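Understanding the architecture of this molecule
Okay, here's what each chain looks like letter by letter:
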Amino acid sequence: MLTGSKSTFKVRQMETDIKERLLSQSGMNARGRDVFELRCLPGECVLHRAVMVRKKLTAGEGRGWLSGTLFCTHFRVAFVPQDAPKGDDDADPILLGDHDVALASIEKVVVVGPNRTKLVTANSSLKFTPEELVLYCRDLRVVCFLFDRLTPDPQVIEITHAIAKTYQPLKAGSVLAFQNAALGSVEMKQFLSNRRRDAHMNWHESAADWQRELERCGATGWRVSSVNDRFEMSTSLPRFIVVPQKVLDTELKKSFAHFNDGRIPRWCWRHPRGSDLLRMAGFQNNIYHEKDDIRNLELILFGCRSSLCVVVELGEDLPSAADIQLAHGRLRALCLGDISTSVTVPDDKWLSTLEATHWLDYTRWCLKKASEVACLLRGGHMTVALQEAEDRDLSCVVSSLVQVMCDPHCRTRRGFQSLVQKEWVTAGHRFYSRGNYHRDNDKEEAPVFLLFLDCAWQLWSQYPSRFQLSDDFLLALHDSAHLPLFSSFLANSQRERCRRSQNQGQCYTPVNGWRDPLHTDGAPEPPDPPLPPVWDWSLQYGERRRAGFTQPVPPAPAPRPALNGNLNADLDANRPSDASPGSVFLLSRGVFSCPANLLPWRGGVGGGISGVYRKSHRRAPSSESVPGLERLLRARSLAEARSGPPSRPVPDPYEPLLPLLVGPCVGLWKECYHRGALHPQAFSHPLSANHRHPVELLAREVQRLQEQLDRARPPSSPAAETAEPRPAPFADLNHNANNGTFLYPRRPPATRQLQSGQKQGNLVVCPPPPPGFFCKYLAGRGRRPTMHLEPSLTHFLHESWRLFFFFF
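We now turn to the structure provided with this report. (Residues numbered from 1 in each chain as written. Predicted model: local features only at pLDDT ≥ 70, side-chain atom pairs only at ≥ 80, totals over all residues. Heavy atoms only, no water.)

The next thing to look at is the overall build of the chain. Tallying secondary structure elements over the chain gives 23 helices and 24 strands in all. Looking at the 808 residues of the chain, the share that counts as buried comes to 47%. When the accessible surface of the chain is totalled, it reaches about 40,600 Å², and 54% of it is carbon and sulfur. (Helix = DSSP H or I, 4+ residues; strand = E, 2+ residues; numbered from the N terminus. Buried < 20%, exposed > 50% of the residue type's maximum accessible area, 1.4 Å probe, protein only. Areas by Shrake-Rupley, 256 points an atom, 1.4 Å probe, with all protein chains shown as cover.)

Okay, here's the thing in structure tokens:
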């Protein structure tokens with residue numbers, strides 16, 4: 001398969017009969033098979049392999065190099081260490097091993113040769129034999145393989161071009177081909193069809209799931225509506241939504257036309273103090289509002305028993321999707337670097353360049369907005385409606401962060417998975433467009449979900465003891481979002497997800513709405529098995545990795561008994577007495593206002609009905625027009641300050657986790673963004689497998705010196721003295737241990753206090769030592785200065801100073 005001279009190689013396309021012969025060699029065992037010591041998936045075939053290859057380990061893997069064999073299949077780049085234990089033949093297949101990289105997650109392939117580097121594509125030709133192979137991944141990993149001098153050159157060239165041709169094919173439908181390579185075999189389809197979902201997790205896909213969520217939150221007065229069961233009212237909303245019990249489905253159908261894409265206000269979560277969190281899209285323009293429609297809309301906005309509604313505008317305070325994409329691209333370029341262009345950021349400008357990406361600023365803005373909403377919900381007896389133009393991006397971020405801050409259940413692993421399922425997957429976040437798996441729609445690409453994971457990690461880093469999930473779980477979810485194999489991330493709405501799982505299209509008629517097509521040729525075609533959800537962790541990681549997804553946390557204190565779904569026993573005391581019934585306020589840029597045209601139907605003269613909605617969401621010049629809401633919030637904060645901790649002996653588990661947002665409190669997620677950072681020493685042949693980075697050697701030297709200081713430190717407690725004997729040099733040096741005599745006569749105690757230098761007979765009184773004498777002496781001896789010294793050491797130091805005074 002190789003042509004050319006000894007120094008120039010060019011790989012031709014693999015013949016069709018060779019591909020078919022390789023594919024026909026796939027095993028028939030549903031558990032997989034071993035090919036050259038590689039545990040293959042059912043139907044997976046090995047294209048090329050290279051022996052005597054070393055992989056560079058990251059800091060999380062222990063650094064150094066690991067020897068083994070490199071494989072390239074039509075699904076992944078796999079690396080099998082030499083001393084890897086043989087897997088169980090009856091074990092369930094795992095998509096990716098600890099050292100594997102999926103071809104779909106590779107963004108760029110770079111080879112390193114003698115004094116040169118080159119970016120390899122499908123049509124590239126190499127004029128040198130690569131010494132190193134570097135894979136830049138979309139999940140911010142950089143995987144480096146070093147070819148040994150004994151590795152055959154044809155193997156190096158073949159596997160390099162095989163990876164370059166397979167990860168970036170020249171034909172359309174690359175995502176579908178990748179899915180068929182991993183899950184397309186008959187055995188794998190049967191295996192996935194027989195897998196069961198986690199029964200302890202709320203998937204929010206049926207009416208029973210939503211009813212269980214209402215019971216968990218104690219949200220009385222709300223019900224589960226199936227008005228959008230066949231996605232006739234809104235194609236982006238889920239099949240079941242939660243609305244007030246007073247609103248009938250026949251009346252609810254008239255409200256969809258007043259909002260963009262039919263995304264009406266709907267319930268998301270209830271705070272134990274009685275406040276409800278809603279989400280809605282922007283109001284539709286040029287819509288006539290009838291009296292019945294106004295009544296239904298206000299019933300939805302004000303919930304069940306609330307007379308106060310706060311609309312939180314997200315478009316003015318948070319970044320747009322284009323801003324998020326630009327900031328994430330700059331962050332990737334800063335953290336990953338590019339050895340093919342040899343462009344690096346100097347160390348003295350790294351922090352300023354990080355600040356210029358604005359990624360941390362956007363994280364801080366989202367956390368700040370979520371904190372404001374959490375404080376509003378904590379007040380009780382109001383509805384807080386998050387409003388976004390399309391209600392599919394930033395509203396998902398803020399709503400999820402609010403529940404993570406306030407609800408301890410959302411800080412567990414299953415609770416967090418249910419939260420993402422409720423606020424992202426079924427709520428209609430455009431995962432498929434924002435992820436840009438086809439790499440053909442850069443205008444829609446924006447890592448909004450990754451921004452939420454970064455914000456969740458910020459909360460975890462500041463309150464690690466309040467989370468049952470670990471940062472390893474967040475990192476695994478971050479990596480899975482870049483892998484186009486899971487149904488959770490391969491659709492823009494629940495409707496698209498249902499259609500893809502059934503592999504059937506739907507037709508729309510004005511009379512019947514969306515209906516499945518009729519099959520005239522008899523029985524319908526059997527649908528393909530649905531892609532696995534991302535929450536099937538046993539399909540992605542081994543038991544050892546999954547054990548690190550959770551961490552032990554102390555049990556949360558039991559809340560007070562619920563009263564009509566509320567944990568606050570004194571509900572009437574927190575009611576807004578001076579706020580008129582049906583008051584609606586706008587929270588924008590941290591300022592409360594009450595614009596006249598906030599609700600379109602209230603924008604007429606004298607509060608009448610307006611036939612046409614003029615979009616003008618401008619905040620008031622000051623907050624003097626909303627004294628009722630401000631006095632209400634001040635009164636609640638003063639009442640809590642006066643009551644103090646004694647009135648609440650048991651801490652409230654639903655107290656929001658408000659993060660610190662100033663200065664360096666919002667840091668960089670190093671475990672995610674810095675795990676692929678490469679050092680210049682990575683691109684040279686190591687002298688041995690134990691070759692260490694100079695910074696690591698310096699750290700080891702500092703640790704060795706610290707251990708010496710700890711050994712020389714005197715014991716500070718009687719228990720420590722009994723455990724560790726006192727060193728001989730720090731005993732009473734004036735006492736001769738052999739014969740019990742003294743080296744020089746002891747100074748008799750003075751009978752009266754004398755000044756420095758004053759004579760007492762033939763003696764001269766020694767002045768006290770200077771303040772820094774003892775500290776400098778201890779530092780010179782390699783000991784840490786302390787305020788409490790043993791008597792023998794104190795006596796020795798004083799005698800040393802006395803001799804120093806008289807002789808020098």
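After presenting the structure, the write-up continues.
With that settled, consider the sheet that holds strand β10 (residues 116-120). In spatial order, the strands read β8-β7-β6-β5-β12-β11-β9-β10; together these eight strands make up an open sheet with antiparallel pairing. Because the sheet does not close on itself, it has two edges, and the strands there are β8 (101-102) and β10. Sheet analysis places strand β9 (residues 106-113) next to β10, joined by five bridges and oriented antiparallel. Bridge pairing links Val 109 to Val 120 in β10. (Pairing = 2+ DSSP bridges.)

Below, the discussion takes up the state of the cysteines. One pass over the full model with this rule turns up zero disulfides. The thiol sulfur of Cys 396 is not disulfide-bonded, and the nearest other cysteine sulfur, from Cys 268, lies at 9.0 Å. Taking the relative accessible area as the measure of exposure, Cys 396 reaches 0% and is therefore buried. (Disulfide = S-S within 2.5 Å.)

Here we take up the packing of aromatic side chains. Scanning the entire structure with this criterion turns up 22 aromatic pairs. An aromatic cluster of three or more residues is present, and its members are Phe 416, Trp 424, Phe 431, Phe 449, Phe 452, Phe 473, Phe 489, Trp 535, Trp 537, Tyr 541 and Phe 549. In this arrangement the basic side chain of Arg 545 is found over the ring face of Tyr 541, its NZ or CZ atom lying 4.6 Å from the centre. (Phe/Tyr/Trp six-rings, centres within 6.5 Å; stacked < 30°, edge-to-face > 60°. Lys NZ or Arg CZ within 6 Å of the ring centre and 35° of its normal.)

To continue, consider the nonpolar core. Of all hydrophobic cores here, the largest spans 144 residues; its most connected members are Phe 416 and Phe 449. When sequence neighbours within four positions are dropped, the list of residues in contact with Phe 449 reads Val 420, Trp 424, His 429, Phe 431, Leu 477, Ala 481 and Phe 489. (Core = buried A, V, L, I, M, F, W, Y, C linked by side-chain atoms within 4.5 Å. Contact = heavy atoms within 4.5 Å.)

For the rest of this paragraph, the subject is helix α8 (residues 321-336). Count 3.6 residues to each turn of an α-helix, and residues three or four apart come out pointing the same way. For α8, built from 16 residues, the straight-helix expectation of 22 Å at 1.5 Å per residue is met to within 8% by its first-to-last C-alpha distance of 22 Å. Where α8 terminates, the next one or two residues include Gly 337, which has phi positive at roughly 70 degrees. (Expected span 1.5 Å × (residues − 1).)

For the pair helix α10 (residues 359-379) and helix α11 (residues 394-406), interaxial distance at closest approach is 9 Å and the crossing angle is 60 degrees. As the angle between them shows, α10 and α11 are arranged oblique. α11 is crossed by α10, and the crossing has right-handed handedness. In contact with Cys 366, Leu 367, Lys 369, Ala 370, Ser 371, Val 373, Ala 374 and Leu 377 of α10, α11 contributes Val 397, Val 398, Leu 401, Val 402, Met 405 and Cys 406. Its residues assigned to classes, the contact of α10 with α11 shows twelve nonpolar, one polar and one charged. (Axes fitted to C-alpha atoms, helices over the stretch in contact; angles between N-to-C directions. Parallel < 35°, antiparallel > 145°, perpendicular 65-115°, else oblique. Left-handed = near helix turned anticlockwise from the far one by under 90°. Nonpolar A, V, L, I, M, F, W, Y, C, P; charged D, E, K, R; others polar.)

Before going further, it helps to examine the pairing of strand β17 (residues 308-313). Most of β17 sits out of view: six of its six residues are buried. Because side chains alternate across β17, one face comprises the buried residues Leu 308, Val 310 and Val 312, and the other comprises Cys 309, Val 311 and Glu 313, equally buried. Both β17 and strand β21 (residues 583-588) contribute to a ladder of five bridges, which runs parallel. Looking at the pairing, Val 310 lines up with Phe 585 of β21. As paired strands, β17 and strand β18 (residues 383-388) are joined by five bridges and run parallel to one another. When the bridges of β18 are listed, Glu 313 appears paired with Gln 387.

This paragraph deals with the pattern of salt bridges. Pairs can form between side chains of opposite charge once their charged atoms are near each other. Under the counting rule described, the total for this entry stands at 36 salt bridges. A salt bridge links Asp 472 to Arg 545, with the shortest nitrogen-to-oxygen separation between them at 3.1 Å. A residue pair is termed long-range when its members are at least 10 positions apart, and Asp 472 in helix α15 (residues 471-480) and Arg 545 in helix α17 (residues 543-547) qualify at 73 residues. The exposure class of Arg 545 is partly exposed, given its relative accessible area of 26%. A network of salt bridges, in which partner residues are shared, links Glu 213, Arg 216, Arg 263, Arg 266, Arg 279, Asp 391, Asp 407, Lys 422 and Glu 423. (Salt bridge = Lys/Arg side-chain N within 4 Å of Asp/Glu carboxyl O.)

Bringing the sheet that holds β21 into the picture now. Pairing is mixed across the open sheet formed by six strands, whose spatial order is β15-β16-β18-β17-β21-β22. A strand with exactly one partner marks an edge of an open sheet, and here the two such strands are β15 (266-270) and β22 (591-593). Recorded for the sheet is a direction-independent mean angle of 25 degrees between the axes of neighbouring strands. Pairing geometry for β21 and β22, over three bridges, is antiparallel. Bridge assignment links Leu 587 to a residue of β22, and that residue is Phe 592.

Burial analysis of strand β11 (residues 132-137) places six of its six residues in the buried class, the great majority of the element. Burial along β11 is two-sided: the face carrying Glu 132, Val 134 and Tyr 136 and the face carrying Leu 133, Leu 135 and Cys 137 are both buried. Pairing geometry for β9 and β11, over six bridges, is antiparallel. Its bridge partner lying in β11, Val 110 is registered against Val 134. Where β11 meets strand β12 (residues 142-147), five bridges bridge the pair, whose relative direction is antiparallel. Opposite Glu 132, over in β12, you have Leu 146 as the bridge partner.

This paragraph deals with the packing of α11 against helix α14 (residues 448-462). Running from amino to carboxyl end, α11 crosses α14 at an angle of 20 degrees, the nearest separation of the two axes being 10 Å. Taken together, the axes of α11 and α14 lie roughly parallel to each other. Between α11 and α14 the crossing geometry is right-handed. Every residue of α14 that contacts α11 at Val 397, Ser 400, Leu 401, Val 404 and Met 405 is listed here: Val 448, Phe 452, Cys 455, Ala 456 and Leu 459. Taken together, the residues of the contact of α11 with α14 sort by class into nine nonpolar, one polar and no charged.

What follows is about the side chain of Gln 417. Note that Gln 417 resides in helix α12 (residues 413-425). Exposure remark for Gln 417: the relative accessible area of 1% places this residue in the buried category. For Gln 417, the side chain forms a polar contact with the side chain of Trp 537, separated by 2.8 Å. With residues up to four places along the chain from it excluded, the contact list for Gln 417 reads Met 201, Phe 473, Trp 535 and Trp 537. (Polar contact = N/O pair within 3.5 Å; in protein donor to acceptor, adjacent residues only side chain to side chain.)

A few words now on unusual backbone geometry. Of note, the phi angle at Asn 115 is positive, near 65 degrees, even though the residue is not glycine. As for its placement among the helices and strands, Asn 115 is situated in the loop between β9 and β10. One non-glycine residue with positive phi stands out, namely His 204, at about 55 degrees. Along the chain, the position of His 204 falls in the loop between α4 (186-193) and α5 (207-217). Its relative accessible area of 1% is what places His 204 among the buried residues.

On the secondary structure map, Thr 58 appears in the loop between β5 (46-56) and β6 (65-73). The class of Thr 58 is partly exposed, set by a relative accessible area of 23%. With 85 residues separating them along the chain, Thr 58 and Val 143 place their C-alpha atoms 8.7 Å apart. Not counting chain neighbours up to four residues away, the residues in contact with Thr 58 comprise Arg 63 and Arg 675.

From the geometry alone we can't say anything about function, so treat these as descriptive.
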